[in-house]
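Here are the chains, one letter per residue:
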Amino acid sequence: KKQESDKATISAFGDKSGPVALLRTNRDVSSARWHRKGDYFVTVSPKAMAAAVLIHQLSKVASQQPFGKMKGEAQLACFHPQKPFLFVASKEH
């Protein structure tokens, strides 16, 4: 869903609680996945080069870029269900 500006917006909705999160970005986000504990989520913006994968922490209202360089265009990222691992799939690797 596009806002009046050129920034993309993704909104996740709960059952009856209304919006859970609203994310405004400078790039199109192709994927957003939640961590099982609920405080973190990871987004993938394939065309964003090194910033293609970002981890966001809701409690601190902060984001971090886990990779300085990406080999290939990132397609999908998700957290391991029990261990502190982040899986990233790209077109090349």
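Residues numbered from 1 in each chain as written. Predicted model: local features only at pLDDT ≥ 70, side-chain atom pairs only at ≥ 80, totals over all residues. Heavy atoms only, no water.

(A) Geometry of the overall build of the chain. Looking only at helices and strands, the chain has 0 helices and 8 strands in total. Counting helices and strands in the order they occur from the N terminus, the chain gives β-β-β-β-β-β-β-β. For the chain, long-range pairs separated by at least 24 residues make up 20% of all intrachain contacts whose partners lie at least 6 apart in sequence. (Helix = DSSP H or I, 4+ residues; strand = E, 2+ residues; numbered from the N terminus. Contact = heavy atoms within 4.5 Å.)

(B) View of the pairing of strand E4 (residues 40-44). Within E4, 4 of the 5 residues are buried, leaving the element largely enclosed by the surrounding structure. Linkage of strand E3 (residues 31-34) to E4, two consecutive antiparallel strands, is achieved through a turn of 5 residues, within which Gly38 is found at a positive phi near 90°. Pairing analysis gives 5 bridges linking E4 to strand E5 (residues 53-57), with the strands arranged antiparallel. Looking at E5, one finds that Tyr40 is bridged to Gln57. (Buried < 20%, exposed > 50% of the residue type's maximum accessible area, 1.4 Å probe, protein only. Pairing = 2+ DSSP bridges.)

(C) Fine view of the sheet that holds strand E6 (residues 62-64). Spatial strand order, E3-E4-E5-E6: 4 strands in an open sheet with antiparallel pairing. Both outer strands of the open sheet, E3 and E6, are each paired with one neighbouring strand and no more. The average undirected angle you get between the axes of adjacent strands in this sheet is 25°. Pairing of E5 with E6, which is carried by 3 bridges, proceeds in the antiparallel orientation. Bridge pairing in E6 links Gln57 to Ala62. (Axes fitted to C-alpha atoms, helices over the stretch in contact; angles between N-to-C directions.)

(D) Here's a closer look at unusual backbone geometry. Of note, the phi angle at Met49 is positive, near 60°, even though the residue is not glycine. Relative to the assigned elements, Met49 resides in the loop between E4 and E5. If you check the backbone angles, Val61 has positive phi at about 50° while not being a glycine. Among the secondary structure elements, Val61 is positioned in the loop between E5 and E6. For Val61, a relative accessible area of 75% corresponds to the exposed category.

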